[in-house]
Amino acid sequence: MAQIDLVTGGAGFIGSNLVHRLVQEGRSVRVLDNFSTGRRENLNPILSDIELIEGDIRDPAALEIAESRRCCHIGAGQEQRHYSLYFQEDVL
Ligand SMILES: NC(=O)c1ccc[n+]([C@@H]2O[C@H](COP(=O)([O-])OP(=O)(O)OC[C@H]3O[C@@H](n4cnc5c(N)ncnc54)[C@H](O)[C@@H]3O)[C@@H](O)[C@H]2O)c1
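Residues numbered from 1 in each chain as written. Predicted model: local features only at pLDDT ≥ 70, side-chain atom pairs only at ≥ 80, totals over all residues. Heavy atoms only, no water.

## Let's talk about the side chain of Arg30
Logical step 1: The topology assignment puts Arg30 in strand E2 (residues 28-33).
Logical step 2: Here the side chain of Arg30 touches Ala66 through a polar contact of 3.1 Å, landing on its backbone oxygen.
Logical step 3: A distance of 2.7 Å separates the side chain of Arg30 from the backbone oxygen of Glu67, its partner in a polar contact.
Logical step 4: When near neighbours in sequence (up to four residues on either side) are disregarded, Arg30 contacts Ile4, Asp5, Leu6, Val7, Glu51, Ile53, Ile65, Ala66, Glu67 and Ser68. (Helix = DSSP H or I, 4+ residues; strand = E, 2+ residues; numbered from the N terminus. Polar contact = N/O pair within 3.5 Å; in protein donor to acceptor, adjacent residues only side chain to side chain. Contact = heavy atoms within 4.5 Å.)

Spelled out as C-alpha cells, the structure:
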C-alpha cells in the first residue's frame, strides 16, 4: 500500500501548490483543511487524485481520520495578533 502524504492546509496558497507538486510526483496525498482561508478551487484540477478531508487540525477526531506517517503541516493562520490560536495550530 502506498504511503500517504498528509498536507494540513492543503487548500491554501502554499499548501495547494505543494499538493499539486506531490500529485505530479505520483504520491498519494490526503489534505486536511478547515477552509477558513483556503479554497477548494485551488485543488480543482486534481480533486479526483487526492483525498480531501474538511476538518480542523485541533480536532482530535479529524486528526484520527487524517492520520498519516508523513505530514507537511501548512495549516495555520498568518496574522500575528492571533498568536495564541496559531500556537495551538502549530504545537500539536
Ligand atoms: N504565503 C507566504 O508568503 C508565507 C510566507 C512565510 C510563512 N507563511 C506561513 O505559511 C502558512 C501558510 O501560508 P499560506 O499563504 O499558504 O496561507 P493560506 O491562508 O493560504 O493557507 C493556510 C491554509 O490552512 C488552512 N487552515 C488554517 N487553520 C486551519 C486549521 N486550524 N485546521 C485546518 N486547516 C487550517 C486554511 O483554510 C488554508 O487553506 C501560514 O502559517 C503562513 O503564516 C506564509
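## Points about helix H1 (residues 13-24)
Logical step 1: For H1, with 12 residues, the first-to-last C-alpha span of 17 Å sits near the 16 Å given by 1.5 Å per residue.
Logical step 2: Where H1 is buried, its residues touch strand E1 (4-8), E2 and strand E4 (70-73).
Logical step 3: Note on H1: the residue one or two positions beyond its end, Gly26, has a positive phi of about 85°. (Expected span 1.5 Å × (residues − 1).)

## A closer look at the site of the ligand
Logical step 1: Taken together, 21 residues sit near the ligand, with Phe13, Ile14, Asp33, Thr37 and Gln78 positioned nearest.
Logical step 2: Within the backbone of Phe13, a nitrogen or oxygen atom sits 2.8 Å from an oxygen atom of the ligand.
Logical step 3: In this structure, Asp33 approaches the ligand through a side-chain N or O atom, which is 2.6 Å from an oxygen atom.
Logical step 4: Looking at the shell around the ligand residue by residue, the classes come out as seven nonpolar, 10 polar and four charged. (Near = heavy atom within 4 Å. Nonpolar A, V, L, I, M, F, W, Y, C, P; charged D, E, K, R; others polar.)

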